[in-house]
Amino acid sequence: MKETVLSTCEKEFVPKAISEGRRLDSRNLLEYRKLQIVYGGDWGCCMVSLGKTKVLAQASCEIQQPKSTRPNEGILFVNVEFSPMGAPHFEIGRPTDAAVQCNRLLEKCLKESRCVDLESLCIVADEKVWQVRVDVSILNHDGALVDAASIAALAALAHFRRPDVTLDGEERSSRARFSSSFTPSSPYLKNVVVDPAVLEERTAEAQIVVGINAYRELTALHLGGTGSPATNQLVMHCASLAAVRAMEVVRMMKDELAKDAEARVQKSPVGFVQSMDLEKVTTLSHEAMVTALGQLNMNVKMEEGGGDAASEGSVGESAVNDMIVESVGENSAELVPENDRRPKLDAVALCVDTIGSGGPSTWGGKEEDEEPSSEEEEVQVVAQLSPSSKPKPPVEEIELSESEEEEIHTLQPEEMNLDKGLEDQSDDEIMVSKQNTAQKKGRKKRKKKNGDNICK
Amino acid sequence: MAAMAEDQHVLRKMFCEFDVLSCPDGSAMKYRNRSCLRPNKLIIDKACVEAVYRPKVGQPRVADKTKEKMIGNTCSSAILSTLYPRTSVSIILQEMQNSGGLMACAINAAYLALIRSGIAMKFLVAAVTCGITKDDKVILDPDLNKVKDCHTELMFAFDSIDFNIVAVDSSGQYTEEQYQKALSLCKEASNEIFDFYRNLVKKYACCI
């Protein structure tokens, strides 16, 4: 799928707003989005979210032969994957230019900053060394991918524990030392904007990515885009902004790392599950369930499931004797089993309970139930059905699937006559109310109700 | 003995979070997996359903491709594809943490994402893993430690209407008797997963 095209409005509006010091998400020009670092249950796994941008990184290692030019050094390999989960225009197995660029930048940053002590990864010179591999996959793309990816990669490396290797009964190396760090910051040219969201990124003239570590050492500098050439001052300005940011990010990373280490020492659960906000409406947790295997029990359960679906789907003839006609709102009624009359608020839950168990959709018919609670008081038992005497309710009353808004009611001629005899006023009323359609609808309904009363 | 038996028939705690991602149509993060959905390819008269499974480390290999295919087949059996001509449904699954039962988790996550995306389906599917230990006990949803004791792993996927088998994945040797036992155990456990789906929808439906 192709990337969606930016509209002219967006192209014009975003830069204009930025030139006035405003941004779409109401940040200041030099304000970053909320950064969150969550360590996973496995060693060397972490997820970083920067606003809506989400990146998952996993560090892993394997033993390999070293490069012949560097026989006593381990290998650091970085792989950035722009999976289609991140954005629809990313494709599998076909890295975009942006993906390649991001990969190269990250590799350069990590290697140049010497955050991984490669010599400590050597097991036997010229024969066996550790290759540390960092896989970064983009889960959600909302701008500033290089920022998020670099933070994730570094956090994963910092969290990673390489297994100790014993060779000929003699331990050759201890745990690898991963120290210091860097973080790129991608400000904009002209009006410098840090941590751009996807729209800002796409409408920008140019982009500067500054790789810098917590000791204010520059590790990478990338200037992209077609905009005006960067001046010395601008680059210096961006670098100093990035340096401040780098320190913040590293401090936060270390805090999270310490928290994670403490949790592991105390044997309390760690991982992504712990980061889920269970208070959110879109989150659900389910306690561990226990089943005792019993053949008989199981059969009963299956039958119950089938029965439910049948009774919900269609009300059989035999079931009619226990039915009660309940009016739900105006001009609509519902057949409810007598022993199964629940409060209205349960109705939503009722139709949800049958999700996925077959039968026709119950959503349309129950729509009225979700109306505000004021309707509740109007629920009344209209008539009680019994097999001996079958009163025929008006046809429009048992139409369950029609929502109130779409309802069209036509007055029958005989009905008009009936009404005329009783109340002459009402016709005039209708004439007057033609100016206001809403009112008209309400009155017609009322009139209809009167008619019903007469029928009774 | 009864207490012991109960101990073995336990599905681990399940978690799910909807709407984790902003770009795709529907996303669900379920304990060990995360999946999302978006359209891509084109068949004239019906929807094309494809699954993409991404391991956490390295490039996808043959085993991952097999998983992909299986998840794709399981999902396309339920989706009413003729309702969506010229559409492609891509289900992208990213492994986040593997603590056993990855395949079943992937299928469940895929279905949760499908529910969230609002695609019409004939039925829902719940997948349950169980293992057969060396002393011939059937245990439900074994974690990584328990998997080591198992010589066989079976994964069943059931539909929500007749509880028929939609997919089976097995590794190792087992007798017919063991298979039947595992099947009935998983069938019972699948109810719990359908309840989980329902509770999620119930919770979510109240806020929209």
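Predicted model, so just to flag it, every value in this text is computed and none were measured.

Q: I'd like a rundown of the overall build of chain B, residues and numbers included.
A: Broken down by element type, chain B carries five helices and 10 strands. Expressed as a percentage of its 208 residues, the buried residues of chain B come to 58%. For chain B, the share of sequence-separated contacts (at least 6 apart) that also reach a separation of at least 24 residues comes to 67%. Approximately 8400 Å² of chain B is accessible, and the part contributed by carbon and sulfur atoms is 51%.

Q: Describe the sheet that holds strand S8 (residues 138-140) of chain B, listing the residues and the values that go with them.
A: All names here are of chain B. The strand order S8-S7-S9-S10 describes an open sheet built from four strands, whose pairing is antiparallel. This sheet does not close on itself; its edge strands, each paired only once, are S8 and strand S10 (165-171). Between one strand and the next, the sheet's axes are offset by a mean angle of 25 degrees, whatever the strand orientation. In this sheet, strand S9 (residues 150-159) lies alongside strand S7 (residues 125-133) in antiparallel orientation, the contact comprising nine bridges. Pairing of glycine 131 across the sheet is with glutamate 153, part of S9. Here helix H3 (residues 102-117) sits on the sheet in contact with S7, S9 and S10, set at roughly 170 degrees to S7.

Q: Residues and numbers for the nonpolar core, please.
A: Ile71(B), Ile91(B), Tyr111(B), Leu114(B), Phe156(B) and Tyr197(B) are the most contacted members of the largest nonpolar core, which has 52 residues in total. The element best represented in this core is helix H5 (residues 176-205) of chain B, accounting for 11 residues. Not counting residues up to four positions away in its chain, the partners in contact with Ile71(B) are Ala51(B), Tyr53(B), Leu93(B), Met103(B), Ala106(B), Ile107(B) and Ala110(B). Formed by 49 residues, the second largest nonpolar core is a distinct cluster that contains Ile37(A), Val48(A), Ile123(A) and Phe160(A).

Q: Tell me what's going on with the packing of helix H2 (residues 97-112) of chain A against helix H3 (residues 145-159) of chain A, and back it up with residues and numbers.
A: Residue and element names in this part refer to chain A. Remark: H2 packs on H3, axes separated minimally by 10 Å, with the N-to-C direction vectors making an angle of 45 degrees. Of the possible angle classes, the one that applies to H2 and H3 is oblique. The element H2 and its partner H3 pack so that their crossing is right-handed. Of the residues in H3, those in contact with Cys102, Leu105, Leu106 and Leu110 of H2 are Val146, Ala149, Ser150, Ala153, Leu154 and Leu157. Looking at the contact of H2 with H3, its residues break down into nine nonpolar, one polar and no charged.

Q: Which residues make up the confidence of the model for chain A, and what values do they have?
A: Residue and element names in this part refer to chain A. For chain A, per-residue confidence averages 67 on the pLDDT scale, and residues scoring 70 or more make up 52% of the total. A low-confidence stretch, residues 169-181 (pLDDT under 50), is modelled with 36 contacts involving residues beyond four sequence positions or located in other chains. Every residue in residues 340-347 is under pLDDT 50, and counting partners more than four places away or in other chains gives 13 contacts.

Q: Could you give an account of the packing of H3(B) against H5(B), naming the residues involved and the relevant values?
A: All names here are of chain B. Put simply, H3 and H5 touch, their axes get as near as 12 Å, and they point 30 degrees apart. As judged from the angle between their axes, H3 and H5 are roughly parallel. Crossing handedness for the pair H3 and H5: right-handed. On H5, the residues touching Asn108, Tyr111, Leu112, Ile115 and Arg116 of H3 are Ile193, Phe196, Tyr197, Leu200, Val201 and Tyr204.

Calculation notes
Residues numbered from 1 in each chain as written. Chains lettered and ligands numbered in written order. Predicted model: local features only at pLDDT ≥ 70, side-chain atom pairs only at ≥ 80, totals over all residues. Heavy atoms only, no water. Helix = DSSP H or I, 4+ residues; strand = E, 2+ residues; numbered from the N terminus. Buried < 20%, exposed > 50% of the residue type's maximum accessible area, 1.4 Å probe, protein only. Contact = heavy atoms within 4.5 Å. Areas by Shrake-Rupley, 256 points an atom, 1.4 Å probe, with all protein chains shown as cover. Pairing = 2+ DSSP bridges. Axes fitted to C-alpha atoms, helices over the stretch in contact; angles between N-to-C directions. Core = buried A, V, L, I, M, F, W, Y, C linked by side-chain atoms within 4.5 Å. Parallel < 35°, antiparallel > 145°, perpendicular 65-115°, else oblique. Left-handed = near helix turned anticlockwise from the far one by under 90°. Nonpolar A, V, L, I, M, F, W, Y, C, P; charged D, E, K, R; others polar. pLDDT = per-residue confidence, 0-100.

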